[in-house]
Amino acid sequence: METKSSEVDLEELPEGCIAKILSFTTPLDACKFSVVSKTFRSAADSDDLWEKLLPSHYHSIISRSSTFSSSSSSLISSKKQLYFHLCHNPILIDDSKKSFSLEKQSGKKCYMIAARDLMIAWGGTPQYWQWKIFTDSRFAEVAELEFVWWLEIRGKIDTSILSPETNYAAYLVFRLREGAYGLDSYATLVSIGIVGGEKHRGTVCLVPDEERRRVRSRRSGSDRVAGLESPKRRQDSWLEIEIGEYVNRDGEDGELEMSVMEVHAAKAGLIVQGIELRPKVVQ
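Residues numbered from 1 in each chain as written. Predicted model: local features only at pLDDT ≥ 70, side-chain atom pairs only at ≥ 80, totals over all residues. Heavy atoms only, no water.

Caption draft 1: Broad picture of the pairing of strand S2 (residues 98-102). Buried residues dominate S2, accounting for five of its five residues. Of the two faces of S2, the one lined by Lys98, Phe100 and Leu102 and the one lined by Ser99 and Ser101 are each fully buried. As defined by bridge partners, strand S1 (residues 91-93) adjoins S2 across three bridges and the pair is classed as antiparallel. From the neighbouring strand, isoleucine 91 faces S2, where its bridge partner is phenylalanine 100. Connecting the antiparallel pair S1 and S2 is a turn made up of four residues, with aspartate 94 showing a positive phi of about 55°. (Buried < 20%, exposed > 50% of the residue type's maximum accessible area, 1.4 Å probe, protein only. Helix = DSSP H or I, 4+ residues; strand = E, 2+ residues; numbered from the N terminus. Pairing = 2+ DSSP bridges.)

Written out as structure tokens, the structure reads:
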């Protein structure tokens with residue numbers, strides 16, 4: 001006697017059902033499934049699916065933006081287009097003190113805190129720091145170090161606005177002015193942690209390896225920062241150095257503080273755009 005197969009042909013499922021199934025995957029997986037068939041492509045492009053893949057409360061985040069205008073939204077005809085727009089075009093929010101974007105593979109939230117919203121020791125004293133306009137910065141102003149011994153930069157963000165159950169990494173986003181000095185004389189201390197709680201600390205060098213070796217070849221004395229993590233070049237041409245990692249557990253709200261500090265050498269030429277938090281992507 002012939003028995004019927006219990007296997008289900010996914011092609012026979014309604015498009016809405018397929019979209020529901022895809023909503024339990026990642027945006028990257030949803031895009032991969034779109035090449036399976038016309039039915040899957042239609043489901044993978046549907047607004048119902050991408051509404052679920054976009055962060056909850058994304059409407060309220062966009063409403064706080066000074067750069068996502070009605071003209072921007074008029075060019076976006078689907079939730080999928082909105083998703084990828086937010087991946088590739090960070091928007092300014094909260095009086096342009098932060099930028100918001102999405103990590104493309106996971107859809108998790110990314111933020112950058114503008115230099116103006118950071119606590120920079122002596123940042124209000126023109127003798128030590130100047131506020132300048134850089135056309136390739138996300139923000140209206142960046143902070144340029146004229147001269148200090150005491151370098152201290154701190155940023156805070158409420159963990160409730162981050163994606164839950166996500167391993168974040170924080171980065172100082174900056175560049176170095178021509179003729180910058182004193183930023184590789186000693187290790188720079190970095191830390192990250194909840195205010196009032198345990199801090200994870202480390203040491204880094206703020207000068208890229210190639211530049212440091214070039215300058216070091218003309219100096220005498222020991223190299224105090226050899227072997228430390230050094231900055232990486234970003235796609236937007238700025239540099240970034242990792243401050244540390246933080247796992248944002250669901251229900252563990254608090255204020256996350258990140259810091260960068262070095263107080264042993266005279267220094268100048270650091271140009272700070274901000275501190276960025278984004279999900280740590282496993283390569």
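After presenting the structure, the write-up continues.
Caption draft 2: Here's a closer look at a nonpolar patch on the surface. Taken together, Phe147, Trp149 and Tyr181 make up a surface patch of nonpolar side chains, about 310 Å² in accessible area. With respect to the helices, strands and loops of the structure, tyrosine 181 is situated in strand S8 (residues 166-181). (Patch = residues over 30% accessible without salt bridge, like charges linked within 9 Å, V, L, I, M, F, W, Y side chains within 5 Å. Areas by Shrake-Rupley, 256 points an atom, 1.4 Å probe, with all protein chains shown as cover. Salt bridge = Lys/Arg side-chain N within 4 Å of Asp/Glu carboxyl O.)

Caption draft 3: Region of interest: the sheet that holds strand S9 (residues 188-194). As summarised here, the arrangement of the five strands in space is S4-S7-S13-S9-S10, forming an open sheet in which the pairing is antiparallel. Lying at the two open borders of the sheet, with one neighbouring strand each, are strand S4 (119-120) and strand S10 (199-204). Where S4 and strand S7 (residues 151-158) come together, two bridges link them in antiparallel fashion. Residue pairing for S7: methionine 119 is matched across the bridge by arginine 154.

Caption draft 4: Layout of the side chain of glutamine 273. Mapped onto the secondary structure, glutamine 273 falls in strand S14 (residues 268-279). Within polar-contact distance, the side chain of glutamine 273 engages the side chain of serine 137 at 3.5 Å. At a separation of 2.9 Å, a polar atom in the side chain of glutamine 273 contacts the main-chain amide nitrogen of arginine 138. If near-sequence neighbours (up to four positions away) are discounted, glutamine 273 is found in contact with Met112, Ile113, Ala114, Ala115, Ser137, Arg138, Phe139, Val142, Val173, Phe174 and Trp238. (Polar contact = N/O pair within 3.5 Å; in protein donor to acceptor, adjacent residues only side chain to side chain. Contact = heavy atoms within 4.5 Å.)

Caption draft 5: Geometry of the pairing of strand S3 (residues 109-114). Among the six residues of S3, six are classified as buried, and the element is accordingly described as predominantly covered. Alternating positions in S3 separate into two faces, Lys109, Tyr111 and Ile113 on one and Cys110, Met112 and Ala114 on the other, with burial throughout. Pairing between S2 and S3: five bridges, direction antiparallel. Paired with serine 99 across the bridge in S3 is methionine 112. Here S2 folds back onto S3 in antiparallel fashion, the turn holding six residues, of which glycine 107 has a positive phi close to 80°. Two elements, S3 and S14, share four bridges in a ladder whose sense is antiparallel. Paired with alanine 114 across the bridge in S14 is glycine 274.

Caption draft 6: Geometry of the packing of aromatic side chains. Counting across every chain of the model gives six aromatic pairs. With a centroid separation of 5.0 Å and 55° between ring planes, the pair formed by tryptophan 50 and tyrosine 83 is classed as tilted. You can see tryptophan 50 sitting in helix H4 (residues 47-53) and its partner tyrosine 83 sitting in helix H7 (residues 79-88), a full 33 residues away along the chain. Look at tryptophan 50 and you get buried, because its relative accessible area is 0%. An aromatic cluster is built from Trp50, Tyr83 and Phe84, whose rings are joined through pairwise contacts. The residue whose ring lies beneath arginine 116 is tryptophan 131, and the NZ or CZ to ring-centre distance is 3.9 Å. The ring of tyrosine 171 has arginine 278 lying over it, and the distance from NZ or CZ to the ring centre is 3.9 Å. (Phe/Tyr/Trp six-rings, centres within 6.5 Å; stacked < 30°, edge-to-face > 60°. Lys NZ or Arg CZ within 6 Å of the ring centre and 35° of its normal.)

Caption draft 7: Structural context of a negative patch on the surface. On the surface, a cluster of negative charge is contributed by Asp158, Asp250, Glu252, Asp253 and Glu255. With respect to the secondary-structure elements, glutamate 255 resides in strand S13 (residues 255-262). (Lys, Arg positive; Asp, Glu negative; His and termini not counted. Charge placed at Lys NZ, Arg CZ, Asp CG, Glu CD.)

Caption draft 8: Spatial organisation of the pattern of salt bridges. Taken as a whole, this structure holds 23 salt bridges when the rule is applied. Lysine 199 is the partner of glutamate 257 in a salt bridge, and the nearest nitrogen-oxygen pair spans 3.1 Å. One end of the pair, glutamate 257, is in strand S13; the other, lysine 199, is in strand S10, and 58 residues separate them in sequence. Put simply, Arg138, Arg234, Asp236, Glu240, Glu276 and Arg278 are held in one network by salt bridges that share partners.

Caption draft 9: A look at the nonpolar core. With 55 residues, the main nonpolar core has Trp129, Leu172, Met258, Leu270 and Val272 as its most contacted residues. Setting aside residues up to four positions removed in sequence, leucine 172 forms contacts with Leu206, Leu239, Glu240, Ile241, Ile243, Val260, Val272, Gly274 and Ile275. Of all hydrophobic cores here, the second largest spans eight residues; its members include Ala114, Val142, Trp238 and Ile271. (Core = buried A, V, L, I, M, F, W, Y, C linked by side-chain atoms within 4.5 Å.)

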